[in-house]
Amino acid sequence: MTRAVPAWSTGALKLRPQPKPVQTSLRRSSPADGAVLDDSDAVVTPGMRQIISVADMLPTPDPGHRRKEGNRMGIVLFPGDDDVTSPDISWSYTGFNMFRKWLAQAEGFGLSEMRRFGGDRAWNSVSTTLAPILDHPDDDGPDLTPAQCATIQPRLEAIIDQREHDGSDPIVQRRLEDTRQLVEVMKFCLDKDVELVFG
């Protein structure tokens, strides 16, 4: 039994029997019939390659997952040293928001109370050295200077020390690990005297 699949080789919709799938392991071409096999083991003939190749349809991540434009699915904080091998930390937008809510809670206030986050409380009404990262736009916005990193880093380390006793909670474990990784990226920025880039 065959299934009809679209072929777009002539620009008009045609029906072509789909060849019997061949199980393979990372096989990319078949010299006999010119078919291309992607990692999902689906057979893709030359005329259909552009339409149904899953690999072609997925976005290709850039080195270090650092995108300043285009289709982004999250946020990355990384040193502004133009070296994609430098340490970085990334979240989905939702994950970054949850991380910041956790930090704000550690500072004694709710992020949802604040301006830009649905509330009307001014940022100058709270006392926290984490304001530059808590009150930062997800997209664009200024990078953090080495001086700002030097101010933020000790407070992040203090939060780690305060909350390590809650390490049995998997959510807290995740937040602590994110905080440790952010501290490492900030230390790198300080060592290299470069900005922390929001990408």
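Below is a short write-up of the structure. (Residues numbered from 1 in each chain as written. Predicted model: local features only at pLDDT ≥ 70, side-chain atom pairs only at ≥ 80, totals over all residues. Heavy atoms only, no water.)

## Describing the side chain of Glu-107
Part 1: On the secondary structure map, Glu-107 appears in the loop between helix H3 (93–106) and helix H4 (131–134).
Part 2: Note on Glu-107: relative accessible area 16%, which makes it buried.
Part 3: Each residue touching Glu-107, except ones within four places of it in the same chain, is listed here: Thr-128, Thr-129, Leu-130, Arg-155 and Ile-159. (Helix = DSSP H or I, 4+ residues; strand = E, 2+ residues; numbered from the N terminus. Buried < 20%, exposed > 50% of the residue type's maximum accessible area, 1.4 Å probe, protein only. Contact = heavy atoms within 4.5 Å.)

## Digging into unusual backbone geometry
Part 1: Positive phi is not limited to glycine here, since Arg-116 has a value of about 85°.
Part 2: Within the secondary structure, Arg-116 sits in the loop between H3 and H4.
Part 3: Not every positive phi belongs to a glycine, and Asp-193 is a case in point at roughly 55°.

## A few points about the side chain of Arg-175
Part 1: Here Arg-175 shows up in helix H6 (residues 170–192).
Part 2: Salt bridges are absent for the buried Arg-175, whose nearest opposite-charge side chain, Asp-178, sits at 4.5 Å.
Part 3: Not counting the four nearest positions on each side in its chain, Arg-175 is found in contact with Met-98, Phe-99 and Trp-102. (Lys, Arg positive; Asp, Glu negative; His and termini not counted. Salt bridge = Lys/Arg side-chain N within 4 Å of Asp/Glu carboxyl O.)

## A few points about the nonpolar core
Part 1: Counting residues in each nonpolar core, the largest one holds 34 residues, and the members touching the most others are Leu-77, Ile-133, Leu-182, Met-186 and Leu-196.
Part 2: Secondary-structure elements contributing two or more residues to this core are strand S5 (74–79), strand S6 (89–92), H3, H4, helix H5 (146–163), H6 and strand S7 (196–198).
Part 3: The greatest single-element share of this core, amounting to 7 residues, is contributed by H6.
Part 4: Residues contacting Leu-196, with those up to four places away along its chain left out, are Leu-77, Phe-78, Asp-143, Leu-144, Cys-149, Leu-182, Val-185, Met-186 and Cys-189. (Core = buried A, V, L, I, M, F, W, Y, C linked by side-chain atoms within 4.5 Å.)

Worth remembering: the numbers are spatial, not functional.
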